[in-house]
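Topology and contacts: notes
Next come the chains, spelled out residue by residue.
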Amino acid sequence: MDAAEILHRVVEKSRKFTSRHLHQGWSRYKGARLHPVMPRLKGRVLAATPAQRQAITQAASDILAGHYSALGANWPQRPAHIGFSADLWRLDPITQTHWPKSDQYAFAIDYRHRCGRGDIKYVWEINRLQFLPVLAAQHVLEEDAQSLDTIETVLTSWYEANPPFGGVGWASGIEVALRAISIILTLSLIGDRLSSGVREKAGDILSASAFWLPRFPSLFSSANNHLVAELAGEVLIERALGRSTGWAWTHLLGELEKQILPDGAGAEQTPTYAAFTAELVLTAAMAEREAGTELPARALERLRAFADFIGWIGLNGEYGDNDEGRVVSLGEEASYLASVASVIASFVDRKSGWYRADDFRALVFGRPADVFSPPDGLRVFSAGGLSVWRGEMANHAAVLRFDHGPLGYLSIAAHGHADALAITLEVDGQPVLVDPGTYLYGSGGAWRDWFRSTPAHNTLNLGQQSQSVMSGAFNWSHKARAWLVESHTGTDWSLIAEHNGYERRFGARHRREVLRDGQAIVITDRLIGTPQQAEIVFQLAPGLVSQQFGKVVTVSRGGLALLRIELPNDAITIQSGGDAPGQGGWVSRGFGVKVPAARICWRGEVDSAGVQSFLRVLDH
């Protein structure tokens, strides 16, 4: 940390000490008068399509029946009228243990290190209250009393169990903000139907949140998506409390330009967090639009660039961390990236977009009237450090992505993975060579390290070590620097990139060339400097079958061969799963979920002359 951040941390610590003695409990946050924030939202819900109505009804029915699922976990089923008791807000559904009660000061609870209670994200997820707008939409559509009663029960239960600065619900700004946004969306839909007592409680929660957020902002090395959420929350809370100054709105627009780069890629090196940033900005922008303030042209252009970026990388283009953070959600969805790209197109008044979602998010922000044809050719996102080729091979639509970007955003690069010069490949819209995913955060331990390590990705590694050196579950003590050396477009395009992550430890710099040669993708890996024994990895998507024939591996899906991988020689191992990280291949397609999948690994010496691998999509 530099001197400015050290001073900020000292001030922050002093404020935490003061709040422990002066700011707990509800008494100082009483008497808020609520103002409408999104008065037109109710009309948009009433205009829901049959598919949207069905999805809302199904999601609401599950909640009312006591089903709550998130992050790959199921909470204990309890009927809604008795299920929202005080202990629910502290329960970890995986370990079946409870986090401290509200009599423990929020900032005194250690949630960053393994403490036997499980991953704090599970507790925080249900405390975001993102199921309340779903119940509110159901009440708008059906006028059912049960949805309204459950909303009142939930808000009352949460209020009584979570006084300000007590318990883990008040330990993180992003959680304070997302919960406030959920309450504001709910009030926008059915605030006039709530009892006066519950409306007062909602106002108290928003008042306490309005005090918390500007007092403990995520700044300096912490100024990633957390800061975006906090600022978006402040914008909406200010509107709800009638206190708008424009400060939070101005700073939110500034963060948009920092965290979504000019070419549309996300600065955190993860498309899902960039989508989360975009959705947060859109939520605040919708509230500002209803108040008569539009997004400026620079912000609109940055959102358009992100939607175009998603159009290029496609639905299977995820890399880096993904904790399934959402602003508006019914639960699991087919593609968060496509949904956000769709609502961006509608919000910025494009008549067409790469995708057209018909989901709950589209009710809030709208959807485009038509859909573009998919892009084609080679696109280099130089600011984000990613190249994408989309085209045809052997009568199949193929998408290849090549990562030559930085490790992550700001000094800690918290959500980046050690995946420099990794490739991914999809064929006919289905993943074939994949990024392994995330799995877990704070409770992941060795598995967390594996999923963000270099050996788990489709690139070269030395000594089964990562290019960048980990220091905890999110930090890095040494960061590899990657860069694009050159690129050539055309039918037989080529890309060359390097990284220096192994130079200090192994005396070698990794250079990778990826090019198209007719119906083959040719990958040439070189070590500039000292020759080394290396591994070159190809991680397959779950459900694919691989067979080795000498130096060739054939990959099949459903009995049909779809890819041929030719490696330098037959020094190949193919392993799936295993009891410990590194024994075989694993892929996480959702937080808290991992499934075994074949990991193809070639081992041999690599020098400056290099070794070549050939990928050939097969015609059926």
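Refer to the structure printed above.
Let us look at the structure shown here. Keep in mind the model is a prediction, meaning the values are calculated, not measured. (Residues numbered from 1 in each chain as written. Predicted model: local features only at pLDDT ≥ 70, side-chain atom pairs only at ≥ 80, totals over all residues. Heavy atoms only, no water.)

Digging into the environment of Asn224
Stated precisely, the cut-off is as follows: By the criteria applied, helices consist of DSSP H or I runs no shorter than four residues and strands consist of E runs no shorter than two, each listed in order from the N terminus. For every residue, the accessible area obtained with a 1.4 Å probe (protein chains only) is divided by the maximum for its type, and the residue is called buried under 20%, exposed over 50%, and partly exposed between those limits. Any pair of residues with heavy atoms lying within 4.5 Å of one another is described as a contacting pair.
In this structure, Asn224 sits in the loop between helix H9 (196-215) and helix H10 (225-241). Classification of Asn224 by relative accessible area gives buried; the value is 8%. When sequence neighbours within four positions are dropped, the list of residues in contact with Asn224 reads Gln259, Glu268, Tyr409, Leu410, Ala414 and His415.

Description of the sheet that holds strand S10 (residues 460-462)
Using the following cut-off: Strands were regarded as paired on the criterion that DSSP finds at least two bridges between them. Between N-to-C directions, angles span 0 to 180 degrees; the directions come from axes that are lines fitted to C-alpha atoms, helices contributing only their stretch in contact.
Spatial ordering of the open sheet is given by S10-S17-S24-S21, a layout of four strands whose pairing is antiparallel. Only two strands of the sheet have a single neighbouring strand rather than two, namely S10 and strand S21 (572-575). Pairwise comparison of adjacent strand axes, ignoring direction, gives a mean angle of 30 degrees for this sheet. Of the strand pairs in this sheet, S10 and strand S17 (residues 532-539) are connected by three bridges, and their pairing is antiparallel.

Notes on the nonpolar core
The cut-off we apply is this: Throughout, nonpolar core names a set of buried Ala, Val, Leu, Ile, Met, Phe, Trp, Tyr and Cys residues whose side chains join them through atoms within 4.5 Å.
Within the largest apolar cluster, 144 residues are counted, with the highest numbers of intra-cluster contacts made by Trp89, Phe131, Leu206, Leu295 and Phe306. Once you skip the residues sitting within four places of it in the chain, Phe306 turns out to touch Ile260, Gly264, Pro271, Ala274, Ala275, Ala278, Val340 and Ile344. Grouped together as the second largest cluster of nonpolar side chains are 49 residues, Phe402, Ala497, Ile572 and Val606 included.

What to know about the packing of aromatic side chains
For the record, the criterion: We call Phe, Tyr and Trp rings a pair once their centres come within 6.5 Å, taking the six-membered ring for Trp, and we label the pair stacked below 30 degrees between planes, edge-to-face above 60, and tilted otherwise. We call a charge positioned above a ring when the Lys NZ or Arg CZ atom is no farther than 6 Å from the ring centre and deviates by at most 35 degrees from the ring normal.
Counting across every chain of the model gives 29 aromatic pairs. Between Trp158 and Trp170, the aromatic rings sit 5.8 Å apart at their centres with planes inclined by 55 degrees, giving tilted as the arrangement. Within this pair, whereas Trp158 is found in helix H7 (residues 145-161), its partner Trp170 is found in the loop between H7 and helix H8 (173-190), the two being separated by twelve residues in sequence. Note on accessibility: Trp158 and Trp170 belong to one class, buried. Each ring, one from Trp389 and one from Trp493, has its centre 5.6 Å from the other, and the planes form 35 degrees; the classification is tilted. With Trp389 in strand S6 (residues 386-393) and Trp493 in the loop between strand S13 (482-488) and strand S14 (494-499), the pair connects residues that are 104 residues apart, well separated along the chain. Members of the aromatic cluster, connected to one another through ring pairs, are Tyr68, Trp75, Phe84, Trp89, Tyr122, Phe131, Tyr441, Phe474 and Phe591. Sitting over the face of the ring of Tyr159, Lys201 holds its NZ or CZ atom 5.5 Å from the ring centroid.

Notes on the pairing of strand S9 (residues 430-433)
Relative to S9, strand S8 (residues 423-427) runs antiparallel, the two being bridged by three bridges. Paired with Val427 across the two strands is Gln430, which belongs to S9. From the end of S8 to the start of S9, which pair antiparallel, there are two residues, and Asp428 there has a positive phi angle of about 55 degrees.

Concerning the sheet that holds S8
Each strand in a sheet pairs with its neighbour through backbone hydrogen bonds, running either in the same direction (parallel) or in the opposite one (antiparallel). Pairing is antiparallel in the open sheet, where five strands are placed in the order S5-S6-S7-S8-S9. At either end of the open sheet lies a strand with only one pairing partner, and these are strand S5 (377-381) and S9. Across the sheet, the axes of successive neighbouring strands diverge by a mean angle of 20 degrees, strand direction being ignored. Inspection of the sheet shows strand S7 (residues 396-403) paired to S8 by five bridges, in the antiparallel sense. Bridge pairing in S8 links Leu400 to Leu425. Strands S5, S6, S7 and S8 of the sheet are contacted by helix H13 (residues 297-313), whose axis makes an angle of about 45 degrees with S6.

Describing empty space enclosed by the protein
Selection rule: In this analysis the probe radius is 1.4 Å and the grid spacing 1 Å, with only protein atoms considered; a cavity is a set of points the probe fits into but cannot get out of, a pocket is an open set with protein on both sides within 12 Å along at least five of seven lines, and lining residues have an atom within 4 Å of a point. Grid points are joined across faces, edges and corners, and a volume is the space filled by probe spheres set on the points. Residue type decides the class: Asp, Glu, Lys and Arg count as charged, Ala, Val, Leu, Ile, Met, Phe, Trp, Tyr, Cys and Pro as nonpolar, and the leftover types, Gly among them, as polar.
A full pass over the atoms with the stated rule returns nine cavities of 30 Å³ or more. Looking at the largest cavity, its volume works out to about 130 Å³. Gly66, Tyr68, Arg78, Phe84 and Leu88 are, among the 14 residues lining the largest cavity, the residues nearest its centre. Classifying every residue of the lining of the largest cavity by side-chain character gives ten nonpolar, three polar and one charged.

Description of the environment of Val606
Looking at where Val606 falls in the secondary structure, it is placed in strand S24 (residues 599-606). Note on Val606: relative accessible area 0%, which makes it buried. Sequence spacing of Val606 and Ser207 is 399 residues, and the spatial spacing of their C-alpha atoms is 61 Å. With residues up to four places along the chain from it excluded, the contact list for Val606 reads Leu460, Asp525, Arg526, Leu527, Pro531, Gln532, Ala534 and Val611.

Overview of the pattern of salt bridges
Definition in use: Should a side-chain nitrogen of Lys or Arg be within 4 Å of a carboxyl oxygen of Asp or Glu, the pair is scored as a salt bridge.
Evaluation of the coordinates by the stated rule reveals 27 salt bridges. Between Arg448 and Asp321 there is a salt bridge, with the nearest N and O atoms lying 2.8 Å from each other. Here Asp321 lies in the loop between H13 and helix H14 (336-347) and Arg448 lies in helix H16 (residues 446-451), a separation of 127 residues in the sequence. Arg448 sits in the buried class, given a relative accessible area of 1%. Of the charged contacts, one joins Arg509 and Glu498 as a salt bridge, the two residues approaching to 2.7 Å between their closest N and O atoms. Linking Arg509 in strand S15 (residues 508-517) with Glu498 in strand S14, this pair joins segments that are eleven residues apart in sequence. Each of Glu279, Arg326, Glu333, Asp359 and Arg361 takes part in one network of salt bridges that share partners.

What about the pairing of strand S20 (residues 560-566)?
Note that strand S19 (residues 552-557) and S20 share six bridges and pair antiparallel. Looking at the pairing, Val553 lines up with Ile565 of S20.

Observations regarding the environment of Trp312
Turning to its location among the elements, Trp312 is positioned in helix H13. Relative accessible area serves as the criterion here: at 10%, Trp312 is assigned to the buried category. For the pair Trp312 and Gly31, spaced 281 residues apart in the sequence, the C-alpha separation amounts to 50 Å. In this structure Trp312 touches Pro375, Asp376, Gly377, Leu378, Arg379, Phe381, Val388, Arg390 and Val399, once residues within four positions along its chain are discounted.

Quick notes on unusual backbone geometry
Despite not being glycine, Gln269 has its phi angle at roughly 60 degrees, a positive value. Positive phi, close to 55 degrees, is recorded for Asp428, a residue that is not glycine. Mapped onto the elements, Asp428 comes out in the loop between S8 and S9.

Focus: a nonpolar patch on the surface
Heads up, the rule is: Two distance rules govern patches: like charges are joined within 9 Å, and nonpolar side chains (Val, Leu, Ile, Met, Phe, Trp, Tyr) within 5 Å, applied only to residues with over 30% relative accessible area and no salt bridge. For the accessible areas, the method is Shrake-Rupley and the probe is 1.4 Å, while residue cover comes only from the protein chains on display.
Taken together, Met1, Ile6 and Val10 make up a surface patch of nonpolar side chains, about 320 Å² in accessible area. Residue Ile6 is classed as partly exposed on the basis of its relative accessible area of 42%.

Concerning H14
Keep this limit in mind: One fewer than the residue count of a helix, multiplied by 1.5 Å, yields its expected span.
A rise of 1.5 Å per residue sets the reference length of H14, with its twelve residues, at 16 Å; its end C-alpha atoms lie 16 Å apart and thus fit the reference within 8%. Summarising burial for H14: twelve of the twelve residues are buried, a large majority. All of the buried residues along H14 are Tyr336, Leu337, Ala338, Ser339, Val340, Ala341, Ser342, Val343, Ile344, Ala345, Ser346 and Phe347. Just past H14, the residue Asp349 takes up positive phi, approximately 70 degrees.

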